[in-house]
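Analysis of the macromolecular model
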Amino acid sequence: MATIEGRRQRNNAGVVPPATETGRHTVPVTRIPVDPAAGRKRETDGARTGPAAYAWALARIALGWVFLWAFLDKTFGWGFATPADRAWVQGGSPTTGFLKGTADNALGGFFGGLAGQGWVDLLFMLGLLGVGGALIVGAGMRIAAVAGGLMMVLMWAAALPLVTNPFMDEHIVYAIVLAGLAMANAGDTLGIGAWWGRTALVKRLPILK
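Residues numbered from 1 in each chain as written. Predicted model: local features only at pLDDT ≥ 70, side-chain atom pairs only at ≥ 80, totals over all residues. Heavy atoms only, no water.

A few words now on a nonpolar patch on the surface. A grouping of Tyr54, Leu58, Ile61 and Leu190 is seen on the molecular surface, where their side chains present a nonpolar patch of about 360 Å² in accessible area. Tracing the backbone through its elements, the reader meets Leu58 in helix α2 (residues 51-76). The class of Leu58 is exposed, set by a relative accessible area of 54%. (Patch = residues over 30% accessible without salt bridge, like charges linked within 9 Å, V, L, I, M, F, W, Y side chains within 5 Å. Areas by Shrake-Rupley, 256 points an atom, 1.4 Å probe, with all protein chains shown as cover. Salt bridge = Lys/Arg side-chain N within 4 Å of Asp/Glu carboxyl O. Helix = DSSP H or I, 4+ residues; strand = E, 2+ residues; numbered from the N terminus. Buried < 20%, exposed > 50% of the residue type's maximum accessible area, 1.4 Å probe, protein only.)

Let's shift gears to the packing of helix α5 (residues 118-137) against helix α6 (residues 141-158). Running from N to C, α5 and α6 cross one another at 135 degrees; their axes reach a closest spacing of 9 Å. The angle between α5 and α6 falls in the class oblique. Remark: the crossing between α5 and α6 carries left-handed chirality. Where α5 abuts α6, its residues Phe124, Gly127, Leu128, Val131, Ala134 and Leu135 lie against Met141, Ala144, Ala147, Gly148, Met151 and Met155. Looking at the contact of α5 with α6, its residues break down into 10 nonpolar, two polar and no charged. (Axes fitted to C-alpha atoms, helices over the stretch in contact; angles between N-to-C directions. Parallel < 35°, antiparallel > 145°, perpendicular 65-115°, else oblique. Left-handed = near helix turned anticlockwise from the far one by under 90°. Contact = heavy atoms within 4.5 Å. Nonpolar A, V, L, I, M, F, W, Y, C, P; charged D, E, K, R; others polar.)

Further remarks concern the environment of Gly77. Tracing the chain through its elements places Gly77 in the loop between α2 and α3 (96-100). Along the primary structure Gly77 and Ala87 are separated by 10 residues, whereas in three dimensions their C-alpha atoms are 4.3 Å apart. What Gly77 contacts, discounting residues up to four positions off in sequence, is Leu72, Thr82, Pro83, Ala84 and Ala87.

Another point: the pattern of salt bridges. Per the stated rule, a full pass over the model turns up one salt bridge. Put simply, Lys209 and Asp188 hold a salt bridge, and the shortest N to O gap is 3.1 Å. Of this pair, Lys209 sits in the segment after α9 (200-204) while Asp188 sits in the loop between α7 (170-183) and α8 (193-197); the two residues are 21 residues apart in sequence, bridging distant segments of the chain. Overall, the relative accessible area of 18% leaves Lys209 in the buried class.

Moving on: α2. Helix length check: α2, at 26 residues, gives a terminal C-alpha distance of 37 Å against a target of 38 Å (1.5 Å per residue), a fit within 8%. Taken residue by residue, α2 has Ala53, Ala57, Arg60, Leu63, Gly64, Phe67, Leu68, Phe71, Leu72, Asp73 and Thr75 as its buried positions. Backbone geometry just downstream of α2 places Gly77 in the positive-phi region, at approximately 60 degrees. (Expected span 1.5 Å × (residues − 1).)

By size, the foremost hydrophobic cluster in this structure holds 22 residues, and its most contacted members are Phe67, Leu128 and Leu135. Only α2, α5, α6 and α7 provide two or more residues apiece to this core. Other than its neighbours up to four places away in sequence, Leu128 contacts Phe67, Leu68, Ala70, Phe71, Lys74 and Met151. Counting residues in each nonpolar core, the second largest holds seven residues, with Leu99, Phe111, Leu114 and Ala115 among its members. (Core = buried A, V, L, I, M, F, W, Y, C linked by side-chain atoms within 4.5 Å.)

Further remarks concern the packing of aromatic side chains. If you walk through the whole model with that rule in mind, you get six aromatic pairs. Ring centres 5.6 Å apart and planes at 45 degrees place the aromatic pair Trp69 and Trp78 in the tilted group. Judged by its relative accessible area of 44%, Trp78 falls in the partly exposed class. Look at Phe76 and Trp78: their rings are 5.4 Å apart centre to centre, the planes differ by 15 degrees, and that puts the pair in the stacked class. Residue Phe76 is classed as partly exposed on the basis of its relative accessible area of 39%. One aromatic cluster is present, built from ring pairs that chain together Trp65, Trp69, Phe76, Trp78 and Phe80. (Phe/Tyr/Trp six-rings, centres within 6.5 Å; stacked < 30°, edge-to-face > 60°.)

Per-chain confidence: the chain averages 85 in pLDDT, with 77% of residues scoring 70 or above. In this model residues 1-10 is a low-confidence stretch, pLDDT under 50, and it forms 19 contacts with partners more than four residues away in sequence or in other chains. Between residues 37-47, whose pLDDT stays under 50, and residues either more than four places distant or in other chains, the model counts one contact. (pLDDT = per-residue confidence, 0-100.)

Put into structure tokens, the structure is as follows:
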């Protein structure tokens, strides 16, 4: 119950009520404005600099290198997965080996018919380069996730039926990770994603984020 102490009125908690008139004087109360946006910004900044953010960033860069290395090795034939005489720059087909190997699979007729076609090779190689580059620099993550996920799903379909698992393999795992990277804004940490997202182009076309 409120009591009177001198000229100030206090409640049981000892808090002075706002603007209480006591005789000739008014007790002012200072209110500190609360900015909800500031709280959201602190939460966002923390998410971009915490341990989880760095883990996502390292996963992004590592997966980007997988795509980019596949492009480089198939283009120049550096002898890891592609011999020099089968390099793309030497006239080799980057997709023939994989697609021909699917002939006995469930969808082998479809995918085998695509082997060696120039437009298939071009799309495949542009996909490897574009997805790999986007993941490493951290910009264009949404398009990279869609394009890379589509590539992985197609490669998974070409391998059906799977030998070591009823339905799950590394292609599906990669597709899921790509989606997670885009949704987690993984390009903002150890990448140019935050700057890229502030550009006028991305503000007009958010799909480019």
